[in-house]
Amino acid sequence: MAPFPAPAAVDAPLLVGYSGGLDSTVLLHWLQHSAQRAGHTLRAIHVHHGLQADADHWAAHCQHQCDALGVALTVCHVQVERDAGLGLEGAARLVRRAAFAAQLRHDEVLVLAQHQDDQAETFLLRALRGAGVDGLAAMAGESVLDGHRLWRPLLEVPRAGLLAYARQHALEWIEDPSNTDDGPDRNYLRLHVLPLLRQRWPHAAQALASSAAHCGGLRQMLDEEDDELLQHLQAAPRVLSVELLKQVSAQRRARVLRRWVLAHGAEPLPARVVAQLEHELLPAAPDRDAQVRWRQHSIRQWRGHWYLLPAVLPQLPIHWRALWDGRAPLALPDGGELTLQGAVAFDAPMQVQARRGGERIQLPGRAHQHALKDCLQREHLAPWRRAQLPLLFADGQLQAAADVVQSAAMQAWLLQHGAQLHWRPGGW
């Protein structure tokens, strides 16, 4: 049996995902003793999916076990969307992870009980789906969930080792009847394929998990190289240079694009979207306003750059107006914010409103007014940002288009008071 990790690995407050099954029961018991020795706090979370007739009994069992160990337990009731297109197992996993993320405290580490056999199953599943190195790396011992550390300390321990531990300590656990259903792919592998492989290769699970670990090491190395390349390609955090992208091989470009969108909280890029970016957006003329969408996000081209944006950007309502004296930040209806920095307030409140078209502004050093539309084009403001732009008026005269264009009078006032306008658009 592979050894359990040393108790010294427990170095922070822990939140244990506790289903009541064998794996998480062993994890909770082992961590409770490890945490006591290390002087760290430990609590557990049980996600009540409501998918089994005995779900209430399972929650009660978990509460009883935690009470016996002196571990605080939180039971989270969730609703699993059966028609989400992810399958029942995938939908349950999604809401479970959301529940974990919602319950994690500032400095807590989430600990999950996946073990060596789980890793072998994941490797096989992904191989059968044609995954590359990233997919074959399967589960990482250390990863991140919603900004928190996620730790899987049992990935090198086979299920037989967990069973031996549970029997040694006379632990009680729940057997989920759905585990005997060979309909789901993972269960089929567990019930039929892996036992058959073990007949010929007794250490099959260990070998498959080892292959996953090798892929994980390669993935980490490639991720580090991708991050370095991404720094070179980025003109801004959500903006990539098309000219520089074209200098990268297609395979590397696909990796970097996937890394880019994930770094900014977007959903993973499906293969079809990567193909669209490669064959439709990349060859598009630099001055063409083109985009590719997937789920809640889009990549949009403008003036030789790709922008990562929400699929639907909020805009200021055309008839929206507000009076603003600058004393406090002005919350905009699209989720953005307008701030006057370095000054107490304007001499008189400004009227703030959305663009309606046809506005003109007196620029510094100019004798005549100019069309705001022309000014924004000269400032190279992206079309979608123009639709979000808050305008500031005084006595019916346009004084500023957010912090992008300022009138002669506004610029003089800001200089005199050592102040600045700052606009944070909504939707980012």
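So, a few notes on the structure that sits alongside this text. Here the structure is a predicted model, which is why all the values come from computation and not from measurement. (Residues numbered from 1 in each chain as written. Predicted model: local features only at pLDDT ≥ 70, side-chain atom pairs only at ≥ 80, totals over all residues. Heavy atoms only, no water.)

## Section: the overall build of the protein
Part 1 of the reasoning: Looking only at helices and strands, the protein features 14 helices and 21 strands.
Part 2 of the reasoning: For 428 residues, the compact-globule estimate of 2.2 N^0.38 gives 22 Å, and the C-alpha radius of gyration of the protein, at 28 Å, exceeds that figure by more than 25%.
Part 3 of the reasoning: Taking the principal axes of the C-alpha coordinates as reference, the protein spans close to 90 × 50 × 40 Å.
Part 4 of the reasoning: By the burial criterion, 46% of the 428 residues in the protein qualify as buried.
Part 5 of the reasoning: For the protein, the proportion of contacts with a sequence separation of at least 24, taken over those separated by at least 6, is 64%. (Helix = DSSP H or I, 4+ residues; strand = E, 2+ residues; numbered from the N terminus. Rg over C-alpha atoms; globule rule 2.2 N^0.38 Å. Buried < 20%, exposed > 50% of the residue type's maximum accessible area, 1.4 Å probe, protein only. Contact = heavy atoms within 4.5 Å.)

## Focus: the packing of helix α4 (residues 116-128) against helix α8 (residues 204-233)
Part 1 of the reasoning: Following both chains from N to C, one finds α4 and α8 inclined at 70°, their axes separated by 8 Å at the closest point. Put simply, α4 runs roughly perpendicular to α8. For the pair α4 and α8, the sense of crossing is left-handed. Of α8, the residues touching α4 (which contributes Gln116, Gln119, Ala120, Phe123 and Leu124) are Ala205, Gln206, Leu208, Ala209, Ser211, Ala212 and Cys215.
Part 2 of the reasoning: Across the contact of α4 with α8, the residue classes break down as eight nonpolar, four polar and no charged. (Axes fitted to C-alpha atoms, helices over the stretch in contact; angles between N-to-C directions. Parallel < 35°, antiparallel > 145°, perpendicular 65-115°, else oblique. Left-handed = near helix turned anticlockwise from the far one by under 90°. Nonpolar A, V, L, I, M, F, W, Y, C, P; charged D, E, K, R; others polar.)

## With respect to the packing of aromatic side chains
Part 1 of the reasoning: Under the criterion given, the structure shown has five aromatic pairs.
Part 2 of the reasoning: Between Trp30 and Trp151, the ring centres sit 6.4 Å apart and the planes meet at 50°, which makes this aromatic pair tilted. With a gap of 121 residues between them, Trp30 in helix α1 (residues 22-38) and Trp151 in strand β6 (residues 148-151) connect regions that are remote in the sequence. Taken individually, Trp30 and Trp151 each receive the classification buried, so the pair is uniform in this respect.
Part 3 of the reasoning: Arranged with centres 6.4 Å apart and planes meeting at 75°, the rings of Trp302 and Trp384 form a pair that is edge-to-face. Taken together, the residues Trp302 in strand β10 (residues 297-302) and Trp384 in helix α13 (residues 383-386) connect sequence positions 82 residues apart.
Part 4 of the reasoning: For Trp302, a relative accessible area of 9% translates into the label buried.
Part 5 of the reasoning: Among the aromatic residues, those joined into a ring-pair cluster are Trp302, Tyr307 and Trp384.
Part 6 of the reasoning: In this structure, Arg149 is placed above the aromatic ring of Trp151, and the distance from its NZ or CZ to the ring centre is 5.6 Å.
Part 7 of the reasoning: Sitting above the plane of the Trp201 ring, Arg200 keeps its charged end 5.7 Å from the centroid. (Phe/Tyr/Trp six-rings, centres within 6.5 Å; stacked < 30°, edge-to-face > 60°. Lys NZ or Arg CZ within 6 Å of the ring centre and 35° of its normal.)

## A few points about the pattern of salt bridges
Part 1 of the reasoning: Counted under the stated rule, the structure contains 15 salt bridges.
Part 2 of the reasoning: Arg255 is the salt-bridge partner of Asp134, the closest N and O atoms lying 3.1 Å from each other. Of this pair, Asp134 sits in helix α5 (residues 133-136) while Arg255 sits in helix α10 (residues 250-263), placing them 121 residues apart in sequence.
Part 3 of the reasoning: With relative accessibility at 32%, the residue Asp134 sits in the partly exposed group. (Salt bridge = Lys/Arg side-chain N within 4 Å of Asp/Glu carboxyl O.)

## Considerations on the state of the cysteines
Part 1 of the reasoning: Taken as a whole, this structure holds zero disulfides when the rule is applied.
Part 2 of the reasoning: Not engaged in a disulfide, the cysteine Cys62 finds its nearest cysteine sulfur in Cys66; these two sulfurs lie 6.6 Å apart.
Part 3 of the reasoning: On the accessibility criterion, Cys62 (0% relative accessible area) is buried. (Disulfide = S-S within 2.5 Å.)

## Overview of the side chain of Gln388
Part 1 of the reasoning: The topology assignment puts Gln388 in the loop between α13 and β18 (390-394).
Part 2 of the reasoning: For Gln388, a relative accessible area of 0% puts it in the buried group.

## As for the environment of Pro390
Part 1 of the reasoning: Along the chain, Pro390 turns up in strand β18.
Part 2 of the reasoning: Given a relative accessible area of 0%, Pro390 falls into the buried group.
Part 3 of the reasoning: Measuring from C-alpha to C-alpha, the distance between Pro390 and Arg219 comes to 44 Å, with 171 residues separating the pair along the chain.

## A closer look at the sheet that holds strand β14 (residues 337-341)
Part 1 of the reasoning: The strand order across the open sheet formed by three strands is β13-β14-β21, and the pairing between neighbours is antiparallel. The open sheet has two edge strands, β13 (330-331) and β21 (420-424), and neither has a second partner.
Part 2 of the reasoning: Bridge analysis of β13 against β14 gives two bridges, and the strand direction is antiparallel. Each bridged residue has a counterpart across the sheet, and for Leu330 the counterpart in β14 is Leu338. (Pairing = 2+ DSSP bridges.)

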